[in-house]
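What follows is each chain in one-letter form.
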Amino acid sequence: FHSGLDIKTQQRTGLNIYAAAGGFVSRIKVSHYGYGKALYITHPNGYTTVYAHLKKFSKDIEAYVKKHQYDKESYEIELFPNAGDLKIEKDSIVALSGNSGGSGGPHLHFEIRDKAERPMNPMLFGIDIKDSMNPKISAIYAYPIDENSFINKSNSKKKLRLTPLKNGDYTVENIEAFGNIGFGIETNDRQDLAANKNGVSNIQTFVNGNKNFELDFKRFSFSETKHINRLIDYEHYKTKKKRVQKLFNQNNPLSLYKDLSNDGILSIKDSTYSVYKIKIADYKNNNVWATITNSGGMTTNEFKSKLFRINNRSYNILSNTTDTFTLSADNLTSVVS
């Protein structure tokens, strides 16, 4: 996950960086990679602000760092000053903006972390950015969850046709489904004064008006980053380089999930009808909706099936087909329909 807010500096370096609040410097890291020159300030309320990709620290901090670099004979260094070593006043200049480390251009990477070192959305703290643009949906996919589930007579995921409406919402092609299915979405958001494609702030889904899934990006833990590949359709990302966020949870412990009903999975039965809606919102609550109508049923006999277990192994037997099994009386233990 990207853990902060990138603030553009109009292709310039050397702009003054001011402390967001009073406190003390609790950590300094200098590296050729990653955050480059980075400063961490801990505040009396327990929050920590982070300022990264810096060009230079303020005079006192720079002197403190250089002393330790000389002592350790190393440019790359990580320091944890005591609370009384480098006290900081609100609005004091603590550094100059830069392009150090793994930066793709001059900017300030700014974070706010809670007492548990979990990054939070800095916009929660009153940073106001002009944003009147709705999120955009690039693609929606439907997923059969198991071997006994079908979408439009197929047991494979299906990309669904999107139709934009004049109000910014979307209709999605109707599907015929059976069994346990889920959906995935490729979506992003933009702000008024920048071309960057950002992640969205919140995604909710509803089945027949009842909420069954939510992803909320207000805060997360760094330790959760290892679960990203299970949040997205990772096979799709490997082949297409596109991130499709799954709107169902399959044993993923991410704290971003909220209000799950049946893990966001729809159980579609024969001869049923349901309306599935997706709401995508940015931080300013600009939002769009996508609507998918599901009719439940296997309308052709060739896709009606029955599950058999032979020797504790599952076989999905389709009607109107011939399936041959060679069984030995010596090793056959059970046949269960």
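Worth saying up front: this structure is predicted, and the values here are computed from it rather than measured.

## Quick word on the nonpolar core
Then comes step 1: With 30 residues, the main nonpolar core has I140, F183 and I278 as its most contacted residues.
Then comes step 2: Elements represented by at least two residues in this core include exactly strand 11 (136-144), strand 15 (170-172), strand 16 (175-188), strand 18 (210-216), strand 21 (266-268), strand 22 (273-281) and strand 23 (287-296).
Then comes step 3: Those residues in contact with I140, other than ones at most four positions away along the chain, are K158, K159, L160, L162, V172, F183, G184, I185, I278, A290 and I292.
Then comes step 4: V30, Y51, Y64 and I112 belong to the second largest nonpolar core, which has 22 residues in total.

## A closer look at the side chain of N249
Then comes step 1: Mapped onto the fold, N249 is located in the loop between strand 19 (245-246) and strand 20 (257-258).
Then comes step 2: The class for N249 is buried, based on a relative accessible area of 8%.
Then comes step 3: Of the polar contacts made by the side chain of N249, one reaches the backbone nitrogen of N252; its length is 2.8 Å.
Then comes step 4: Among all residues touching N249, those that are not within four sequence positions of it are F213, Y257, L260 and D263.

## Observations concerning the packing of aromatic side chains
Any two aromatic rings considered together are summarised by their centre-to-centre distance and by the angle between their planes.
Then comes step 1: Per the counting criterion, the structure on display carries nine aromatic pairs.
Then comes step 2: With a centroid separation of 5.2 Å and an interplanar angle of 85°, the aromatic rings of Y47 and F125 are classed as edge-to-face. Here Y47 is found in the loop between strand 4 (37-42) and strand 5 (48-57), whereas its partner F125 is found in the loop between strand 10 (119-120) and strand 11, with 78 residues between them in sequence.
Then comes step 3: Classification of Y47 by relative accessible area gives partly exposed; the value is 27%.
Then comes step 4: An angle of 70° between the planes, with centres 5.8 Å apart, marks the rings of F213 and Y257 as edge-to-face. Of this pair, F213 sits in strand 18 while Y257 sits in strand 20, placing them 44 residues apart in sequence.
Then comes step 5: Residue F213 is classed as buried on the basis of its relative accessible area of 0%.
Then comes step 6: Given a relative accessible area of 9%, Y257 falls into the buried group.
Then comes step 7: Through pairs of rings, three or more aromatic residues link up here, namely F1, F220 and F222.
Then comes step 8: Taking NZ or CZ as reference, R27 lies 4.5 Å from the ring centre of Y40, over its face.
Then comes step 9: Across the ring face of Y141, the terminal group of K157 is positioned such that the distance to the ring centre comes to 5.1 Å.

Conventions adopted
- Residues numbered from 1 in each chain as written.
- Predicted model: local features only at pLDDT ≥ 70, side-chain atom pairs only at ≥ 80, totals over all residues.
- Heavy atoms only, no water.
- Core = buried A, V, L, I, M, F, W, Y, C linked by side-chain atoms within 4.5 Å.
- Buried < 20%, exposed > 50% of the residue type's maximum accessible area, 1.4 Å probe, protein only.
- Helix = DSSP H or I, 4+ residues; strand = E, 2+ residues; numbered from the N terminus.
- Contact = heavy atoms within 4.5 Å.
- Polar contact = N/O pair within 3.5 Å; in protein donor to acceptor, adjacent residues only side chain to side chain.
- Phe/Tyr/Trp six-rings, centres within 6.5 Å; stacked < 30°, edge-to-face > 60°.
- Lys NZ or Arg CZ within 6 Å of the ring centre and 35° of its normal.

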